[in-house]
Amino acid sequence: MTGPAVPQRFFPGRMIAQIPGMFAYFPRDALVLVGLDWLDDALQPVELAYLGLEQVLSQNWQHAMFRDLRRLPHVFAVIVTPHRETQQVDDITEHAYVAQVLGTNLIEACWHVADIAHGEPFSLVFATPGLLGYDVRRPPVMFGSVADPEDNDHMRLLHNCGVRPAANFATFAGYWEYSEDLAALTGVHSKAASQEFATANAVVDVATSALRRAHRALMDLNDGNADRAVDLVYAARDVLRSAVASELIEPTHSCPQIVLVDDPHELEVLIAALSVSKISDCLITEALDHPQQTAGLLMHVAKTTHGEARAHALGMWALIALQEGITPWALQALRQASAEMPSYTPARVIGELLRQGRSHEVISRAHSGSQRAWAELLLPPDAMHWRRT
């Protein structure tokens, strides 16, 4: 995609400095692709793609993360590693440049920096003169130093939320990973229960009991009886409303906060509701209207369950994060939801809206979708009048 020429005032040191605030973590030993667009008459980073250096040589450059960047006027690359003079970096540079020449992607220029820190020197690795914005008579900046990573709008937004970027990608991604220890600690899951699930004398843990409850509600729904499902929605709503308020992101470690639940019955209700999409969709508006009460519980479910319950909990938490303006955390939660359940449609829909610059539509669509789910569940239309509110 072609666009206006890169202005002479464009300085890669400022672009590189914005990466940690946009990612919400400091990339290390990585190739970062930076997609830029024109905002308020200035060329600004608007989208990033991250690959660990060990992944680059085996990566298909037609991968979706790269195709998404092709729609932007300019795409640059930054190799972040203290080990510049290595065969691995040389191979990656050649790989990226060859892919560029073949037209597989649109990297106009690539810089190297040892670390993204204020004053850290960067140097040009390669550029493709005349491909897009750069003119052979005005080559890109070859050397310089990184601007202050703390001095940009992305980092200020994180500071306003009381957090800082994670130290690296592994730490950042780990915040949403399943925790067997936490699941066992809170009784959500035990190996004994999963192994004896099919036996009459099974050791029933919270997750197993919740799945059975969800299955009964879904079977009733398929038979045209919504009573059990509606009661489950109300019970889950009460659990969310009674939760202790907490911060969405834990200030010290920049990670989503988990609310421990003492009552196994409350966890069972919430997990059961989140295990059926027709039921969990009804809780979206509740979650968005009470983010401080619901976020911690949703994260608890996400870190202690598998399958649909985990995917729906992550997706709902991501909507709260988007509503609160912390997009990097929301995007990572959605990636985790898709990894847990590849058929999880909301992740694809939200991702597409964000790529189209229509972030303002995400929350309004979530509210309207939740209301439609209620309408379908509560037919006939006057059902709300005879059920408790």
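Up top is the structure these notes are about.
What counts and how
- Residues numbered from 1 in each chain as written.
- Predicted model: local features only at pLDDT ≥ 70, side-chain atom pairs only at ≥ 80, totals over all residues.
- Heavy atoms only, no water.
- Polar contact = N/O pair within 3.5 Å; in protein donor to acceptor, adjacent residues only side chain to side chain.
- Helix = DSSP H or I, 4+ residues; strand = E, 2+ residues; numbered from the N terminus.
- Salt bridge = Lys/Arg side-chain N within 4 Å of Asp/Glu carboxyl O.
- Buried < 20%, exposed > 50% of the residue type's maximum accessible area, 1.4 Å probe, protein only.
- Phe/Tyr/Trp six-rings, centres within 6.5 Å; stacked < 30°, edge-to-face > 60°.
- Contact = heavy atoms within 4.5 Å.
- Core = buried A, V, L, I, M, F, W, Y, C linked by side-chain atoms within 4.5 Å.

Student: Looking at this structure, I do not really get helix 5 (residues 153–160). What am I missing?
Tutor: The periodicity of an α-helix, 3.6 residues per turn, causes residues three or four places apart in sequence to face the same way. Where helix 5 begins, one side-chain oxygen reaches toward the backbone nitrogen of H154, 3.1 Å away; that side chain belongs to N152. Once helix 5 ends, the next one or two residues include G162, with phi positive near 80°.

Student: Looking at this structure, how should I read the pattern of salt bridges?
Tutor: Opposite charge on two side chains permits pairing when their charged atoms draw close. A full pass over the atoms with the stated rule returns eight salt bridges. One salt bridge in this structure joins D115 and R28, with 2.8 Å as the shortest N-O distance. Separated by 87 residues along the polypeptide, D115 in the loop between strand 4 (107–113) and strand 5 (121–127) and R28 in the loop between helix 1 (12–23) and strand 1 (30–39) bring together distant segments of the chain. The partner of D238 in a salt bridge is R237, and the shortest N-O contact between them spans 3.6 Å. The exposure class assigned to R237 is buried, which follows from its relative accessible area of 12%. In this structure, a network of salt bridges that share partners links the residues D151, D153 and R156.

Student: Even after reading the chapter, I still don't get the packing of aromatic side chains, so can you show me in this structure?
Tutor: By convention here, two paired aromatic rings are described through the distance between centres and the angle between planes. Following the criterion strictly, the structure yields 10 aromatic pairs and no others. Members of the aromatic cluster, connected to one another through ring pairs, are F23, Y25, F169, F172, Y175, W176, W317 and W329.

Student: What's the story with the side chain of T285 in this structure? I'm lost.
Tutor: Its place among the elements puts T285 in helix 13 (residues 284–289). You can call T285 buried: its relative accessible area is 19%. Within the local environment of T285, its side chain forms a polar contact with the side chain of H367, the two groups lying 3.3 Å apart. Excluding anything up to four places from it in sequence, T285 contacts H367 and S370.

Student: What exactly am I supposed to notice about the nonpolar core here?
Tutor: Across soluble globular proteins, you tend to see nonpolar side chains buried next to one another. W176, W317 and W329 are the most contacted members of the largest nonpolar core, which totals 94 residues. In terms of residues, this core owes the most to one element, helix 15 (residues 308–323), which gives 11 residues. Not counting chain neighbours up to four residues away, the residues in contact with W176 comprise P256, M299, K303, R310, L314, W317, W329, Q332, A333 and Q336. Grouped together as the second largest cluster of nonpolar side chains are 14 residues, A49, A77, I92 and V125 included.

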